[in-house]
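Commentary on secondary and tertiary structure
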Amino acid sequence: MPVAGTLVALATAWQFVLHPSFGIANELIHLFGAERLPFFSDGKLALLTLAGIGIWELIGFNMVLFLAGLSTIPDDLYEAAALDGAGEGFERFRLVTWPMLGPVTMFVVVLSAIRGFRVFETVAVITQGGPDRATEVLLYSLFQEGFRYFRIGSASALAVVFLVITLVLTLMQARAFDRQVSYRR
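Description of the structure in this document. This structure is a prediction, so every number in the text was calculated from the model and none was measured. (Residues numbered from 1 in each chain as written. Predicted model: local features only at pLDDT ≥ 70, side-chain atom pairs only at ≥ 80, totals over all residues. Heavy atoms only, no water.)

Check the secondary structure of the protein and you find nine helices and zero strands. Listed N to C, the secondary structure of the protein is α-α-α-α-α-α-α-α-α in terms of helices and strands. A globule of 185 residues ought to have a C-alpha radius of gyration of about 16 Å, yet the protein, at 21 Å, is considerably larger. Projecting the C-alpha coordinates of the protein onto the three principal axes gives extents of approximately 65 × 50 × 30 Å. Within the protein, the proportion of its 185 residues that are buried is 30%. Taking all contacts inside the protein whose residues are at least 6 apart in sequence as the whole, residues at least 24 apart take part in 53%. (Helix = DSSP H or I, 4+ residues; strand = E, 2+ residues; numbered from the N terminus. Rg over C-alpha atoms; globule rule 2.2 N^0.38 Å. Buried < 20%, exposed > 50% of the residue type's maximum accessible area, 1.4 Å probe, protein only. Contact = heavy atoms within 4.5 Å.)

This is the structure we're talking about:
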């Protein structure tokens, strides 16, 4: 199945999980005695729900990246930190683990920020920009301008804006993290 088809299938699955009447999330909420939530029909809640879906979609991939980064940290560094007086737990994490995960952290932050702007399929499948345009994100607006209203000039301008925003954010994050990242082993 192509990537786009997989993303649409995931968005459709989320639509069923968070359905106001028979969705499993609302069934669990109702089971605990709370009122069912209108995840996609309340403007404020809809955008938060889409953000939660985006986080859920990325958390597994980001975890794999961090686990790979953790596996590359040499045990010698922990031993050296212990000899230098670093205690267990948080102190060792702060002095050894976190600095050594700098490159992975930079990669994850930049990739997650780019993915955050790339939200399209979830909006297109579930909310179509609603309710009351509360979830109309940049790429969905680009799609609407180009393929619904056939305003190619506006769609192209939005694409350039998207490219510039993504580029500026990526460069800012790379510059900010590069000062804090140690690439030495």
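Throughout the structure, instances matching the rule amount to six salt bridges. A salt bridge links E57 to R115; the nearest nitrogen and oxygen atoms lie 2.9 Å apart. With E57 in helix 3 (residues 43-71) and R115 in helix 6 (residues 102-117), this residue pair connects regions lying 58 residues apart in the sequence. When its relative accessible area of 22% is taken as the criterion, E57 is described as partly exposed. Exposure remark for R115: the relative accessible area of 12% places this residue in the buried category. Across the pair E145 and R151 runs a salt bridge, and its minimum N-O distance is 3.1 Å. A relative accessible area of 15% means that E145 is categorised as buried. A relative accessible area of 42% places R151 in the partly exposed class. One network of salt bridges, in which partners are shared, links E57, R115 and E121. (Salt bridge = Lys/Arg side-chain N within 4 Å of Asp/Glu carboxyl O.)

Moving on to the nonpolar core. One recurring pattern in soluble globular proteins: nonpolar side chains tend to sit buried together. Membership of the largest hydrophobic core comes to 13 residues, with the highest contact counts inside it found for L18, F40, I53 and I126. For this core, the elements supplying multiple residues, two or more each, are helix 1 (3-17), helix 3 and helix 7 (121-127). No other element matches the three residues that helix 7 contributes to this core. In this structure, I53 is in contact with W14, L18, F40, T122 and I126, ignoring residues within four places of it in sequence. Y78, A86, V96 and M100 belong to the second-largest nonpolar core, a separate cluster that totals seven residues. (Core = buried A, V, L, I, M, F, W, Y, C linked by side-chain atoms within 4.5 Å.)

Here the focus is the packing of helix 5 (residues 90-100) against helix 6. At their nearest, the axes of helix 5 and helix 6 sit 4 Å apart, and the two run at 55° to each other. Classified by the angle between their axes, helix 5 and helix 6 sit oblique to one another. Here helix 5 contributes W98, P99 and M100 to the contact with helix 6, which in turn contributes G102, P103 and T105. Looking at the contact of helix 5 with helix 6 residue by residue, the class counts come to four nonpolar, two polar and no charged. (Axes fitted to C-alpha atoms, helices over the stretch in contact; angles between N-to-C directions. Parallel < 35°, antiparallel > 145°, perpendicular 65-115°, else oblique. Nonpolar A, V, L, I, M, F, W, Y, C, P; charged D, E, K, R; others polar.)

Our next topic: a nonpolar patch on the surface. Nonpolar side chains collect at one region of the surface, where I55, I59, M63, L67 and L70 lie side by side and expose about 490 Å² of accessible area between them. The residue I55 is located in helix 3 in this model. (Patch = residues over 30% accessible without salt bridge, like charges linked within 9 Å, V, L, I, M, F, W, Y side chains within 5 Å. Areas by Shrake-Rupley, 256 points an atom, 1.4 Å probe, with all protein chains shown as cover.)

Geometric descriptors of this kind do not, in isolation, establish any biological role.
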